[in-house]
Amino acid sequence: MYMQKQQYDYQLQQSAAIRRFKHDLVNHIGALRELINQKKIGDAKDYIDTIWDMQEDFDLKIHTGDGFLDVIINYYLYLAEKENIEFAVSGKLTEKMPLEMVDITSLMGNVLQNAMEAAEKAAVPKIRVELVEHKREIFIVVSNSIMEKINAKKGFLVTSKKDKENHGFGMKNIAATVEKYHGEYYTDFIEENGEGMFKISIAIPRENKACR
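Fair warning: this is a prediction, and the values are worked out from it, not measured in the lab. (Residues numbered from 1 in each chain as written. Predicted model: local features only at pLDDT ≥ 70, side-chain atom pairs only at ≥ 80, totals over all residues. Heavy atoms only, no water.)

A.B. asks: Even after reading the chapter, I still don't get the sheet that holds strand E6 (residues 184-192), so can you show me in this structure?
C.D. replies: Sheets are built from strands that pair by backbone hydrogen bonding, the pairs being arranged parallel or antiparallel. The five strands lie next to each other as E1-E2-E3-E7-E6, forming an open sheet whose pairing is mixed. Two strands bound the open sheet, and with one partner strand each, they are strand E1 (86-90) and E6. With strand direction ignored, the average angle separating the axes of adjacent strands in the sheet is 15°. In this sheet, strand E3 (residues 137-145) lies alongside strand E2 (residues 126-133) in antiparallel orientation, the contact comprising seven bridges. Bridging from a neighbouring strand, Leu131 pairs with Ile140 of E3. The sheet contacts of helix H3 (residues 67-82) involve E1 and E2, and relative to E1 the element is tilted by about 155°. Packing against the sheet, helix H4 (residues 101-119) makes contact with E1, E2, E3 and strand E7 (195-205), and its axis sits at approximately 20° to E3. (Pairing = 2+ DSSP bridges. Helix = DSSP H or I, 4+ residues; strand = E, 2+ residues; numbered from the N terminus. Axes fitted to C-alpha atoms, helices over the stretch in contact; angles between N-to-C directions. Contact = heavy atoms within 4.5 Å.)

Okay, structure coming up:
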């Protein structure tokens, strides 16, 4: 619910910015018309470039093929840019994710929140998201740089935070969502260009209905 609220607040901020831009659009057009009437073509071009840069800020920078997944991934892209974390997404879906919206939030929100927290501590912070469609499954692979390897215990990553009773639920929530949709996931530590990376790979059946 907290992640949903954060993403909703981000969307509200974007919507408010768009409304302000639209409100001023008539004035922008009027200014351009006057510059053209005065044959100040160079100034008019500069003005257009400025407006164009403004509207680009409102566009979703990443398009996955699933509108709700776009909101989540673009929200974490926004956070990553604020923290100077390299954030890259590859692949695109031809159809929507076979998950309910609340489950997409729980799954991807937890995955990306964990990735953000780990990458922030790394010497070269980066996060990579890969989307791959197969005939029967959708694969989501998220890799992030890490400061050091974390011990695994009973199939779950053990949180490095001191307050273990109130933290460490992220992987359990991921596991519960994957299980609900009869999917699979596994985690791994890899070395990439001499740097440690944590990777989680998730497979979700494309047509399998969730357990109720």
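A.B. asks: So what exactly am I meant to see when it comes to the nonpolar core here?
C.D. replies: What tends to happen in soluble globular proteins is that the nonpolar side chains get buried as a cluster. Formed by 37 residues in total, the largest nonpolar core has its most connected members in Phe87, Leu112, Ile127, Val142 and Ile202. Elements with a contribution of two residues or more to this core: H3, H4, E2, E3, helix H5 (169-180) and E7. Here this core gets nine residues from one element, more than from any other, and that element is H4. Non-local contacts of Ile127, meaning those with residues more than four positions away in its chain, are made with Ile85, Glu86, Phe87, Ala88, Leu112, Ala115, Met116, Ala119, Val142, Ser143 and Asn144. (Core = buried A, V, L, I, M, F, W, Y, C linked by side-chain atoms within 4.5 Å. Buried < 20%, exposed > 50% of the residue type's maximum accessible area, 1.4 Å probe, protein only.)

A.B. asks: Help me understand the packing of aromatic side chains, please; the structure alone is not making it clear to me.
C.D. replies: Within a pair of aromatic rings, the relevant descriptors are the distance that separates the centres and the angle that separates the planes. In the structure shown here, the tally under the stated rule is two aromatic pairs. Both rings, one in Tyr75 and one in Tyr76, keep their centres 5.1 Å apart while their planes meet at 75°; by these two values the pair is edge-to-face. By the burial criterion, Tyr75 is buried, and Tyr76 matches it. Aromatic side chains Phe189 and Phe198 sit 5.5 Å apart centroid to centroid with 55° between the ring planes, which places their arrangement in the tilted category. What makes Phe198 buried here is its relative accessible area of 10%. (Phe/Tyr/Trp six-rings, centres within 6.5 Å; stacked < 30°, edge-to-face > 60°.)

A.B. asks: It is not clear to me how the pattern of salt bridges should be interpreted in this structure. Could you clarify?
C.D. replies: If you walk through the whole model with that rule in mind, you get seven salt bridges. With a shortest N-O distance of 3.4 Å, Arg206 and Glu95 are connected by a salt bridge. Linking Arg206 in the segment after E7 with Glu95 in the loop between E1 and H4, this pair joins segments that are 111 residues apart in sequence. Classification of Arg206 as buried rests on a relative accessible area of 17%. Arg128 is the partner of Glu192 in a salt bridge, and the nearest nitrogen-oxygen pair spans 3.0 Å. In this pair, Glu192 is assigned in strand E6 and Arg128 in strand E2, connecting sequence segments 64 residues apart. What makes Arg128 partly exposed here is its relative accessible area of 26%. Bridged by salt links that share partners, the residues Lys126, Arg128, Glu130, Glu192 and Glu195 form one connected network. (Salt bridge = Lys/Arg side-chain N within 4 Å of Asp/Glu carboxyl O.)

A.B. asks: What exactly am I supposed to notice about the pairing of E1 here?
C.D. replies: For a regular strand, the rule is simple: side chains alternate between the two faces of the sheet. Taken together, the five bridges between E1 and E2 define a ladder with parallel strand orientation. Across the sheet, Phe87 pairs through a bridge with Ile127, a residue of E2. Handedness of the crossover is the feature at issue here: the chain leaves E1, passes through H4, returns alongside E2, and the resulting connection is left-handed. (Right-handed = clockwise from strand over helix to strand, strands pointing away.)

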